[in-house]
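# Overview (structure and organization)
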Amino acid sequence: MKTHKVLFVLMAMLVVFALAAGCAAPAATTTDTSSATTAPATGSDAAAKPYIPVISKGFQHQFWQAVKAGSEQAAADLNVDITFEGPETEAMVDKQYEMLQAAIAKNPAAICFAAVDSKAMVPLLEEAKTKGIPIIGFDSGVDSDIPLATAATDNIAAAALAADKMAELIGDSGKVAVLVHDQTSRTGIDRRDGFLNRMAEAHPNVEIVNVDYGAGDQLKSTDLAKAVIQANPDLKGYFGANEGSIIGVLNAVKELGKEGQIVVIGYDSGQQQIDAINSGAEAGAITQNPVGIGYKCVEAAVKAINGETLDKVIDTGFFWYDKTNIDSDQIKPLLYQ
Amino acid sequence: MATTDAATAAPKKRSLLRADAAQKLLAFSALILIFIFFSLASPFFRTPDNISSILVATAVNGVLALGVTFVIITAGIDLSVGTVMTLSAVMTGVAVTNQGLPVPVGIVVGLLTGTTAGLLSGLMIARMKIPPFIATLGMMMIARGLSLVISGVKPIYFNDTPGFRDIMMGSVVGAVIPGFSVPNAVFILFGASLVAAFILGKTVLGRYAVAIGSNEEATRLSGVNVANWKTAIYALGGAFSGLAGVMIASRLNSAQPALGIGYELEAIAAVVIGGTSLSGGEGTILGTLIGALIISTLTNGLRILSVPQEWQMVITGVIVVLAVYLDIIRRRGR
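Thresholds applied
Residues numbered from 1 in each chain as written. Chains lettered and ligands numbered in written order. Predicted model: local features only at pLDDT ≥ 70, side-chain atom pairs only at ≥ 80, totals over all residues. Heavy atoms only, no water. pLDDT = per-residue confidence, 0-100. Helix = DSSP H or I, 4+ residues; strand = E, 2+ residues; numbered from the N terminus. Contact = heavy atoms within 4.5 Å. Domains from an automatic or database assignment. Buried area = accessible area lost by both parts, 1.4 Å probe. Phe/Tyr/Trp six-rings, centres within 6.5 Å; stacked < 30°, edge-to-face > 60°. Buried < 20%, exposed > 50% of the residue type's maximum accessible area, 1.4 Å probe, protein only. Salt bridge = Lys/Arg side-chain N within 4 Å of Asp/Glu carboxyl O. Polar contact = N/O pair within 3.5 Å; in protein donor to acceptor, adjacent residues only side chain to side chain. Core = buried A, V, L, I, M, F, W, Y, C linked by side-chain atoms within 4.5 Å.

Let's shift gears to the confidence of the model for chain A. Fine structural detail should not be taken from predicted coordinates in areas where pLDDT scores are low. In the predicted model, chain A carries a mean pLDDT of 85, and 86% of its residues have values of at least 70. When pLDDT is averaged over each helix and strand of chain A, the minimum, 36, is found for helix 2 (residues 33-36) of chain A and the maximum, 97, for strand 8 (residues 235-240) of chain A.

Structure follows, in structure tokens:
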């Protein structure tokens, strides 16, 4: 009986702690869903701010946190309410489906959406269209005609730039390996193909020895990259297509004592990658503009609410950064820790 | 009558011993065969550096699997080991980086976090009678959520503590015997295995784990406080998850709060390949260690041969099913 009581108290404490933390997180953002649910689709009612749910592909990675920061900034600047949510992994199609369904049910002024699987979301997008809710895509966007605009990085062009830099740094010939986060998401496919196609077209002497998928899991990516480097002692370069992948490559190079012998090129930022570029372990990386992606999608949503016409594609840009420009005014604001 | 009983009992006991030996031998020979195959297929596979890589890659999953072995021997299951590992890593990060406490304190915090989570799972199972699958599923989600909340959805780095990475990747042995710089990770794995084997084979806790798994009711009726021992076994499993948490944090020089999903299934796969029965009552630590080695050897070897990763999943899946099927055949033949 006594252990029972102790246990219940412990469980209750856990629940209270979890709830308190869970409530604290949304409260810190600019969200106010309760008053926003009744916001008219036109957004002309000045009493209630227009409500724009932002549904992303995730929230755990630093990249999504930066997108979130950008969308919150836009919400503050443009006087609208937003909520930011996303499934735990990019494989959770069903979970995102439910999030989008719930968002449409609230009849918001507009929706910002980055689909984990575009085709699966079509019925809901059709529903939003009939209800007159404008959809703005961001990041991987939505593979359909329904979104009025999409704020995204041109990942194919960005990965092609990475390929050019890699070829330049290894003297336009030799073996290169590629580590990608997954083989099904839009960003995974575009970055892989953008890199491989550019190599095939412009740098025929560069041989791609391996393309592997580490699910963005730092530990798995480390062990994968180690095996690839062991199997190819003459490997000259390694491209990691997202933050988790490149951290794996950097760990592998470090653990095998091959720092400086392999040209490592990454994607996005994060503290470990920034440190590696400063120390010279990583040659450089492509950065997107995650804050810009978040900002531009909310901005486009507000324009759509006001009936302005939009360009279909809002290119949020990408940049190459290395030791020389990492602290520059152009690059520094784009990097997240 | 007594003589015939003894006569029939003696060969039965001998064949039982032989069968257990056969099972261990089977997993071990599978590992050797896989090793020989890859060694012939690629000269890069059998280099000392690569073998060291395989052992290091086994470390985290191996230690998780050690904890799961105890739980599965009681005919239970623990789905929370992966995210409890992550929570322990995060708590170590909070202690060492955010609070600036010494590394040994951080390690203790990690171990205690894992043990506490295991203890809670055990209490839910033993006292509240929640089925292990559900209780640990709940713990899996609770630990995952808490990792994210406590870390603020951000990795915690150990950059201010230069020695922290050396827990796994330094080489104490290399400092003593020059030229033999095997990373500590390997010795932590083997050390933890020895401790686990000792607990399972030589202590009351291990004996009762097997007894509970063989026949929980009979164990209870013979006066053993099953609820308490079960709770202790889940807490022990949690302690191994805590150790794995410290290990992964050291290896990655950071506590990554989003990691951990899927690790529980890989650990369970290692246990099952190693011949521990999901219906409880039997299992060995050596088997689990071999099971974990088989998984990481396959992963490494197929990468070295550049076999597409999709096939690697298929192959690992086939091996899990085969291992369990052979186990069933062995039982039927008994």
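With that settled, consider the environment of threonine 276 of chain B. Residues and elements named next belong to chain B. Relative to the elements of secondary structure, threonine 276 occurs in the loop between helix 12 (263-273) and helix 13 (285-304). Residues threonine 276 and leucine 111 lie 165 residues apart in sequence; the distance between their C-alpha atoms is 25 Å. Apart from residues lying up to four places away in sequence, threonine 276 is in contact with Thr69, Ile72, Ile73, Val271, Glu282, Gly283, Thr284 and Thr288.

For the rest of this paragraph, the subject is the domain arrangement of chain A. All names here are of chain A. Domain assignment breaks chain A into domain 1 (45-153 + 290-317) and domain 2 (155-287). Taking the mean C-alpha position of each, domain 1 and domain 2 sit 30 Å from one another. Each side of the interface is counted separately: domain 1 has 7 residues, and domain 2 has 8 residues. Contact with domain 2 buries area across many residues of domain 1, yet Phe63, Ser140 and Thr153 alone supply 46% of it, more than any other trio.

Attention shifts here to the packing of aromatic side chains. Geometrically, a pair of aromatic rings is defined through the distance of the ring centres and the angle of the planes. Evaluation of the coordinates by the stated rule reveals 9 aromatic pairs over all chains. Plain terms: the ring middles of phenylalanine 239 of chain A and tyrosine 267 of chain A are 6.4 Å apart, the flat faces sit at 55° to each other, and that makes the pair tilted. Taken together, the residues span a long stretch of sequence, with phenylalanine 239 of chain A in strand 8 and tyrosine 267 of chain A in strand 9 (residues 263-267) at a distance of 28 residues. An identical accessibility class is assigned to phenylalanine 239 of chain A and tyrosine 267 of chain A; each is buried. With a centroid separation of 5.3 Å and 40° between ring planes, the pair formed by phenylalanine 38 of chain B and phenylalanine 45 of chain B is classed as tilted. Residue classification places phenylalanine 38 of chain B among the buried residues on the basis of a relative accessible area of 2%. Judged by its relative accessible area of 1%, phenylalanine 45 of chain B is buried.

Our next topic: the pattern of salt bridges. One pass over the structure, following the stated rule, counts 10 salt bridges over all chains. One salt bridge in this structure joins aspartate 212 of chain A and arginine 303 of chain B, with 2.3 Å as the shortest N-O distance. Here aspartate 212 of chain A is found in strand 7 (residues 206-213), whereas its partner arginine 303 of chain B is found in helix 13 on a different chain. Both residues of the pair, aspartate 212 of chain A and arginine 303 of chain B, count as buried. Where lysine 230 of chain B meets glutamate 216 of chain B, a salt bridge forms, and the shortest distance between an N and an O atom there is 3.2 Å. Of the two residues, lysine 230 of chain B sits in helix 11 (residues 226-252) while glutamate 216 of chain B sits in helix 10 (residues 216-221), which places them 14 residues apart along the sequence. Given the relative accessible area of 34%, glutamate 216 of chain B is considered partly exposed.

Mapped onto the fold, asparagine 251 of chain A is located in helix 9 (residues 243-255). Placed 32 residues apart in sequence, asparagine 251 of chain A and leucine 219 of chain A show a C-alpha to C-alpha distance of 8.9 Å. With sequence-adjacent residues up to four places away left out, asparagine 251 of chain A is seen in contact with Thr222 of chain A together with Arg251 and Leu252 of chain B.

In this assembly, 40 residues from chain B lie in contact with 39 residues from chain A. Summed over both sides, the interface between chain B and chain A buries roughly 3,700 Å², with carbon and sulfur atoms accounting for 59% of that surface. Here chain B is connected to chain A by 3 salt bridges. Taken together, chain B and chain A are joined by 11 residue pairs in polar contact (both at pLDDT 80 or more).

Turning our attention to the nonpolar core. Ranked by size, the top nonpolar core spans 83 residues in total, and within it Val60, Phe70, Phe240 and Ile248 of chain B carry the most contacts. By residue number, the principal contributor to this core is helix 2 (residues 48-73) of chain B, which donates 14 residues. The residues contacting phenylalanine 70 of chain B, other than those within four sequence positions of it, are Ala196, Ile199, Leu200, Ile233, Leu236, Phe240 and Ile285 of chain B. Val80, Ile136, Ala301 and Val302 of chain A belong to the second largest nonpolar core, which has 29 residues in total.

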